[in-house]
Amino acid sequence: MGIAWELGTVKDIVGVRGTEQEVMLTMADGSCCRAVHDLTAFEPLEPGDHVLANVTAVSLGLGTGGVHFVHAPLQTNRPTPLFAPGPGPGHIMKLRYTSLQRSVLAAEEEASPHHAVLAGARSLEQLPVLIGELHSMLPAAVSWLRYRTGMGNSNMMRPLRIAYIMTDGGSLPLAVSRHAARLKALGWLAGTITYGHAYGGDLEAVNKYTALLAAKHVLHADLAIVTMGPGIVGTGTALGFSGMETGELVNAVRALGGLPVFIPRISFGDARERHCGLSHHTRTALGTAAIAEAIVPLPLLGAAEQLRLLREQAEDLLEREHELRWIAAPAVEQMETAFQAYEAPITSMGRGLLDDPLFFAAVCAAADAALQLICASPAASSDLNP
């Protein structure tokens, strides 16, 4: 265990997105490196400021989190310290027992305006919940749902209310997610929720159960989507990957009376054998961690040999009593149209739609299954029919 620290000097300011400032640092060896500065900890940096940077990820050559992170400014040309505003009304600590611990107003706590609602909430009341392993599944699913429901067209009475719940399995600050920021700016999300040690959502929650209940009873979502933030941990071992949390989420959704719809991770563009077809991450999370039943939509698409492999891999899930639903997958041209409305690249592991169409077809098939559950609900409004 260790942290690599280096001193740097701010050379340029790249920009600000939400509560994160991106800067260029000149390091002691003369190199110039990109760094992220947390504006919830300190005020914005300026050129010439000297900082202490955490360079661990870059020193290890990691793609995930592979930038420097400013830990603290050490010397500036300004007369006052660069401290951010003090704690707000909340009393729930995140990043507990670290130098960056901070208080948040959790939706459940007594000072919250939502305390009374969540104190009495025990059920998701059949709320469909899309559960995905990779953060890239979020924009693909939301874009497809908007396309399928014809959002923005005259035949729709109101938007489909989609809540995004970010786990603490990947990045902890929501501000790291360019997708969440863009979806919010487009007005495509009813709100965001961060739980555990993840922070920065419209609502903060202590754990996955209260996060799910907040999506239903505070944001009044028709559908919730749960994924970790950008970044995923894998070790090449059977159980050593952060996506195991998806199986635990299936259990939580069922325990609260919701409908867990699992987004399968499928690829024929990934060169790694363990991710060929139905990824071992999906099969392991559903086969080991999930002890409750999940709805697992699978796309009917691809060459005959690919479909044969998917069917063989999916047989194990039937033994675990999950409900498999084979769904006609959308054409690539349809997905292209849906993703174009997002007006930003949607890639997964560096691959786009044309590089790995079955990956995105699986996301869209799961979104379609969730939409069918909404439309089949007795409480669903007719204006949500696609």
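Scroll up to find the structure this text is about.
Since the model is a prediction, treat every value here as computed from it, not as a measurement. (Residues numbered from 1 in each chain as written. Predicted model: local features only at pLDDT ≥ 70, side-chain atom pairs only at ≥ 80, totals over all residues. Heavy atoms only, no water.)

A. Focus on the pairing of strand β13 (residues 259–262). Here β13 shows a buried face lined by L259 and V261 and a second buried face lined by P260 and F262. Taken together, the four bridges between strand β8 (residues 128–131) and β13 define a ladder with parallel strand orientation. Bridge pairing links P128 to L259 in β13. (Buried < 20%, exposed > 50% of the residue type's maximum accessible area, 1.4 Å probe, protein only. Helix = DSSP H or I, 4+ residues; strand = E, 2+ residues; numbered from the N terminus. Pairing = 2+ DSSP bridges.)

B. Quick peek at the side chain of K208. Following the sequence through the fold, K208 ends up in helix α5 (residues 208–217). Comment: no salt bridge for buried K208; closest opposite-charge side chain is E248, at 4.2 Å. (Lys, Arg positive; Asp, Glu negative; His and termini not counted. Salt bridge = Lys/Arg side-chain N within 4 Å of Asp/Glu carboxyl O.)

C. Examining helix α4 (residues 178–185) more closely. Restricting attention to buried positions, one finds in α4 the residues H179, A180 and L183. Looking straight down α4, one finds that the buried residues subtend no more than 100° of arc, so they occupy a single side. Residues of α4 that are exposed and point more than 90 degrees away from the buried face comprise R178 and A185. For α4, the elements touching its buried residues are α3 (137–149) and β9 (162–167). (Arc of directions from axis to C-beta. Contact = heavy atoms within 4.5 Å.)

D. Broad picture of the sheet that holds strand β2 (residues 20–27). Here five strands make up a closed barrel; going around it, the order is β1-β2-β3-β5-β4 and the pairing mixed. Geometrically, the sheet is characterised by an average inter-axis angle of 55° between neighbouring strands, direction not taken into account. Strand direction decides the pairing type here: strand β4 (residues 50–54) and strand β5 (residues 68–75), joined by five bridges, are antiparallel. Among the inter-strand pairings, L52 is bridged to a residue of β5, identified as A72. (Axes fitted to C-alpha atoms, helices over the stretch in contact; angles between N-to-C directions.)

E. Just the pattern of salt bridges, in detail. Taken as a whole, this structure holds 15 salt bridges when the rule is applied. Salt-bridge contacts for D202 lead to K184; the nearest nitrogen and oxygen are separated by 2.6 Å. In this pair, D202 is assigned in the loop between β10 (191–195) and β11 (203–205) and K184 in helix α4, connecting sequence segments 18 residues apart. A relative accessible area of 41% places D202 in the partly exposed class. Within the structure, one salt-bridge network assembled from shared partners comprises D270, R272, R351 and D356.

F. Highlighting the state of the cysteines. Considering all chains together, one arrives at zero disulfides under this definition. Summary of cysteine pairing: C32 is not part of a disulfide, and the nearest cysteine sulfur, belonging to C33, is at 6.7 Å. Taking relative accessible area as the criterion, C32 reaches 38% and is therefore assigned partly exposed. Here C375 stays unpaired: no disulfide links it, and the sulfur of C364, its closest cysteine neighbor, is 16 Å away. (Disulfide = S-S within 2.5 Å.)

G. The arrangement of the packing of helix α6 (residues 245–255) against helix α7 (residues 280–289) in detail. One way to put it is that α6 packs onto α7 with a least axis distance of 8 Å and a crossing angle of 45°. Classified by the angle between their axes, α6 and α7 sit oblique to one another. Seen along the crossing, α6 lies across α7 with a hand that is right-handed. Seen from α6, the contacting residues are T246, G247, E248, V250 and N251; seen from α7, they are A285, L286 and A289. (Parallel < 35°, antiparallel > 145°, perpendicular 65-115°, else oblique. Left-handed = near helix turned anticlockwise from the far one by under 90°.)

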